Amino acid sequence: MADIIKLQAEDDQMVEVPRNVAVFSGTVKDMLADFGDEDAAVPLPNVKGNVLAKAMEFAKYHVENPAPESEETDGEKKVEKHADLLPWDKEFIEAVDQDMLFNLMLAANYLNIKALLDVCAKCVAGKIKGKDAAGIREVFGLEKVFTDEQEKELRAQIDKIEG
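Quick caveat, the model's predicted, so the values are computed rather than measured. (Residues numbered from 1 in each chain as written. Predicted model: local features only at pLDDT ≥ 70, side-chain atom pairs only at ≥ 80, totals over all residues. Heavy atoms only, no water.)

Draft legend 1. Geometry of the overall build of the chain. In terms of regular secondary structure, the chain is built from eight helices and five strands. The N-to-C order of helical and strand elements in the chain reads β-β-α-α-β-α-β-β-α-α-α-α-α. Counting over 163 residues, the chain shows a buried share of 28%. Summarising the internal contacts of the chain: among those between residues at least 6 apart in sequence, 60% fall at separations of at least 24. Carbon together with sulfur atoms contributes 51% to the accessible area of the chain, which is approximately 11000 Å² in total. (Helix = DSSP H or I, 4+ residues; strand = E, 2+ residues; numbered from the N terminus. Buried < 20%, exposed > 50% of the residue type's maximum accessible area, 1.4 Å probe, protein only. Contact = heavy atoms within 4.5 Å. Areas by Shrake-Rupley, 256 points an atom, 1.4 Å probe, with all protein chains shown as cover.)

Draft legend 2. Layout of a nonpolar patch on the surface. A cluster of nonpolar side chains, Val145, Phe146, Leu154 and Ile158, forms an exposed patch at the surface whose accessible area comes to about 360 Å². One can find Leu154 in helix α8 (residues 148–162). Look at Leu154 and you get partly exposed, because its relative accessible area is 33%. (Patch = residues over 30% accessible without salt bridge, like charges linked within 9 Å, V, L, I, M, F, W, Y side chains within 5 Å. Salt bridge = Lys/Arg side-chain N within 4 Å of Asp/Glu carboxyl O.)

Draft legend 3. Representation of unusual backbone geometry within the structure. Notably, Asp12 is not glycine yet its phi reads approximately 70°, a positive angle. Along the polypeptide, Asp12 turns up in the loop between β1 (4–9) and β2 (14–18). Its identity is not glycine, yet Asn112 carries a phi of approximately 60°, on the positive side. Along the polypeptide, Asn112 turns up in the loop between α5 (98–111) and α6 (114–128). By relative accessible area, which is 45% here, Asn112 ends up partly exposed.

This is the structure we're talking about:
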């Protein structure tokens, strides 16, 4: 069994990580189980190299510093739920730009790294909390899709349906 796993990103960048870090990703874990213990690189065609490296940085930290577990319920261990981000997670996610944030979110989904997906989602939720549509468009640099007249029509139709 290889101690170091080579992960090949879509841009052919190789990221080498210890096996226990690689299998933090459910996708990689399943691929290793399917391929057997080969020395060949695990192909990850949906993730760019820089994003994969950042995801593995997250995985490495969480493998080395596991979240506290609560008591067992129905024979299963449950991880404590945190309404707020842990300090390391907050520092990690605030250090990335918006483009990397969304790429990390996509990668976390593809790689099946729930903890990273949760951190990304909480970050995005924090950015839009309390904002109206115009505020959300401003945060994410989105253009207005409807004219004021079209928006007024749609609101009237929605009010009629809900009415």
